[in-house]
Amino acid sequence: MSTTTTPVRPRRAKGTGPALAAWALGIVFFLPIAWMALTSFHSEPDAAKNPPALGAALTLDGYRDFFGTGGGASPWPALVNSTVASVTSTVLVLLLALPAAYALSIRPVRKWTDVLFFFLSTKMLPVVAGLLPVYLFARNTGMLDNIWLLVVLYTSMNLPIAVWMMQSFLAEVPVAVIEAARIDGARLPTVLARVVAPIALPGIAATALICFIFSWNELLFARVLTGVVAQTAPVFLTGFITSQGLFLAKVCAASLVVSLPVLAAGFAAQDKLVQGLSLGAVK
């Protein structure tokens, strides 16, 4: 009696299509950055060619012009101002948002959904609508061209979205752990610092990164409310667009340097960002 064996067909790898689509989408998003980086190493005549010269000679003239070695203004004061405003406002946002999110997610608060809607409704106002009142307030109080005014503005602008995000993160913290800490005699500051914060660290890191990016990239208020002393990096970047024309290589070099802190922060915190944004997504 003979037996016949049926050939086993190899199974197709699951998820190949979505993986290819993800890679293609990533390449599409990365191409402008790669093109900007390549253009920053070209001379101005080569950068202005149409169609562009891919095989043109590489040079560091754009970076020399940006860092002021060619006689231009130094970007370091603007970079320092952006760092101070972004880091300080992000720290203040976290210090204020953590207790607020704790009250909305763990402590019993009546109509907490209405409170969250109020926080989000503050982001629905167009930024330009509040520009004139803020400018008049800054002028009357002598706060124009002051970096600490930007710190206060960035803190108030990012606080609603930070509370909204951290509320969802803190909702995943086990209440039993908090109750055990209270039984041991821990007070609220201790509970927040030693119990809640370590458990919700991925969500806090994701919130901090988003607030830092929003503060670093903000241009409208910084353009109107600052001059020379408190000028930030995005405002300094707009100075390369003059009436004499657009110096494309110099602008690309400046844009790449200004983008590096955000890219570095995102790369360093990418694991925490993914964990934080997916926290509570899978039950």
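Residues numbered from 1 in each chain as written. Predicted model: local features only at pLDDT ≥ 70, side-chain atom pairs only at ≥ 80, totals over all residues. Heavy atoms only, no water.

Now, about the overall build of the protein: what can you tell me, with residues and values included?
What the protein contains, in helices and strands, is 14 helices and two strands. Within the protein, the fraction of its 283 residues that count as buried is 35%. Sequence separation of at least 24 residues holds for 76% of the intrachain contacts in the protein that already meet a minimum separation of 6. For the protein, the computed accessible surface area is about 17,300 Å², with 69% contributed by carbon and sulfur atoms. (Helix = DSSP H or I, 4+ residues; strand = E, 2+ residues; numbered from the N terminus. Buried < 20%, exposed > 50% of the residue type's maximum accessible area, 1.4 Å probe, protein only. Contact = heavy atoms within 4.5 Å. Areas by Shrake-Rupley, 256 points an atom, 1.4 Å probe, with all protein chains shown as cover.)

Would you mind going over the nonpolar core in detail, with residue names and values included?
Ranked by size, the top nonpolar core spans 27 residues in total, and within it L98, Y102, L170, I178, V191 and V196 carry the most contacts. Once you skip the residues sitting within four places of it in the chain, L98 turns out to touch M166, L170, L192, V196 and I204. The next biggest cluster of nonpolar side chains, apart from the first, holds 19 residues, and it includes M36, L79, F212 and V262. (Core = buried A, V, L, I, M, F, W, Y, C linked by side-chain atoms within 4.5 Å.)

Could you give an account of the layout of surface pockets, naming the residues involved and the relevant values?
Computed from the structure, the largest pocket encloses a volume of approximately 430 Å³. Surrounding the largest pocket, 17 residues form its lining, T122, K123, V127, M157 and F221 being those nearest its centre. Among the secondary structure elements, those contributing two or more residues to the lining of the largest pocket are α7 (147-170) and α10 (201-217). Classifying every residue of the lining of the largest pocket by side-chain character gives ten nonpolar, five polar and two charged. (1 Å grid on protein atoms, 1.4 Å probe; cavity = no way out; pocket = protein on both sides within 12 Å on 5 of 7 lines; lining within 4 Å. Points joined across faces, edges and corners; volume = space filled by probe spheres on them. Nonpolar A, V, L, I, M, F, W, Y, C, P; charged D, E, K, R; others polar.)

Explain a nonpolar patch on the surface to me, and be specific about the residues and the numbers.
A surface patch of nonpolar side chains, about 360 Å² in accessible area, is lined by F30, I33, L260 and L263. Of all the secondary structure elements, the ones that give two or more residues to the nonpolar patch are α1 (16-40) and α13 (248-268). Examined against the element boundaries, F30 turns out to sit in helix α1. (Patch = residues over 30% accessible without salt bridge, like charges linked within 9 Å, V, L, I, M, F, W, Y side chains within 5 Å. Salt bridge = Lys/Arg side-chain N within 4 Å of Asp/Glu carboxyl O.)

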